[in-house]
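Chains, contacts and geometry: an overview
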Amino acid sequence: MSDTPPPTQDRAARWRRRALEAAIFVAALFAFQLWQLRDAERGPAPAFAGQLLDGQAFDLAAWRAAHPGRATLLYFWADWCGVCKTTAGNVSAVAADWPVATVAIQSGPPAAVAATMRERGYAWPVTLADPSADILRRYGLRGVPAFVVIGPDGGIRSLSLGWTSELGLRLRLWWASQGE
């Protein structure tokens, strides 16, 4: 057996094959994301109102009006969702700089959601309990974690399901804020 490295042509062929495999993987992920979001709302963000965990009234339009000219993020999560636990820190970091409202779906009444938030150290100022997932369904979403970026004009600018990075969220919010 020879200890000589493979010829340059073999290396180039391996790299082309790896690049093709990576491209196929990324395309499959993108296609899966599109399929998951096939029923999601587009255009103006559906209005909703509810009660925050502290008992205060919440209205999406009024909350957005309190942040004029800024993109906002709706984060749908659940206490039973493992992936939601991995995205919570990213949402917390983004909430320090951007308007973020969170909606806990199928996680029990407000008191149970508040207890989960205390236990996990979530300090999001705007959180609603959505025990029957009515708000999630209004947006046409099929799972959690789900992220909806609403532009300053009230239109949905970005939808995604599953894990996302802090940088990804920040870039989507920044992009949604451009051109207004």
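Above this text is the structure in question.
Below is a summary of the structure that appears in this document. Think of each chain on its own: its residues are numbered from 1, step by step along the sequence as written. This being a predicted model, a pLDDT of at least 70 is required before a residue's local features are given, and a value of 80 or more before pairs of side-chain atoms are given or counted; all residues contribute to the totals for chains, interfaces and linings. Excluding hydrogens and water, the side-chain values take into account all heavy atoms of the structure.

1. Focus: unusual backbone geometry
The line we're drawing: Helix and strand assignments come from DSSP, with helices taken as H or I runs of at least 4 residues and strands as E runs of at least 2, each series counted from the N terminus. Relative accessibility under 20% of the residue-type maximum defines a buried residue, over 50% an exposed one, and the middle range a partly exposed one, all with a 1.4 Å probe and only protein chains included.
Put simply, Val-144 and Pro-145 share a cis peptide bond, and its omega is -5°. Summarising the element assignment, Pro-145 is placed in the loop between α5 (134-138) and β6 (146-150). We note that Gln-106 has phi near 45°; this positive angle belongs to a residue other than glycine. Looking at the element boundaries, Gln-106 is found in the loop between β4 (100-105) and α4 (110-120). Non-glycine residue Ala-133 carries a positive phi angle of around 65°. Within the secondary structure, Ala-133 is located in the loop between β5 (127-130) and α5. A relative accessible area of 3% means that Ala-133 is categorised as buried.

2. Focus on the packing of helix α3 (residues 82-95) against helix α6 (residues 166-177)
Put simply, the test is: Angular values range over 0 to 180 degrees, each being the angle between N-to-C directions of two axes fitted as lines to C-alpha atoms, with helices fitted over their stretch in contact. Roughly parallel refers to an angle under 35 degrees, roughly antiparallel to one over 145, roughly perpendicular to one between 65 and 115, and oblique to any angle outside these ranges. Crossing handedness is read from the near helix: turned anticlockwise from the far helix by less than a right angle, it gives a left-handed crossing, and turned clockwise, a right-handed one. We call two residues in contact whenever any of their non-hydrogen atoms come within 4.5 Å of each other.
α6 packs onto α3 with a crossing angle of 40° between their chain directions and a minimal axis gap of 9 Å. With respect to their mutual orientation, α3 and α6 come out oblique. Remark: the crossing between α3 and α6 carries right-handed chirality. Here α3 contributes Asn-90, Val-91, Ala-93 and Val-94 to the contact with α6, which in turn contributes Glu-166, Leu-169, Arg-170 and Leu-173.

Taken by themselves, the reported measurements are silent on function.
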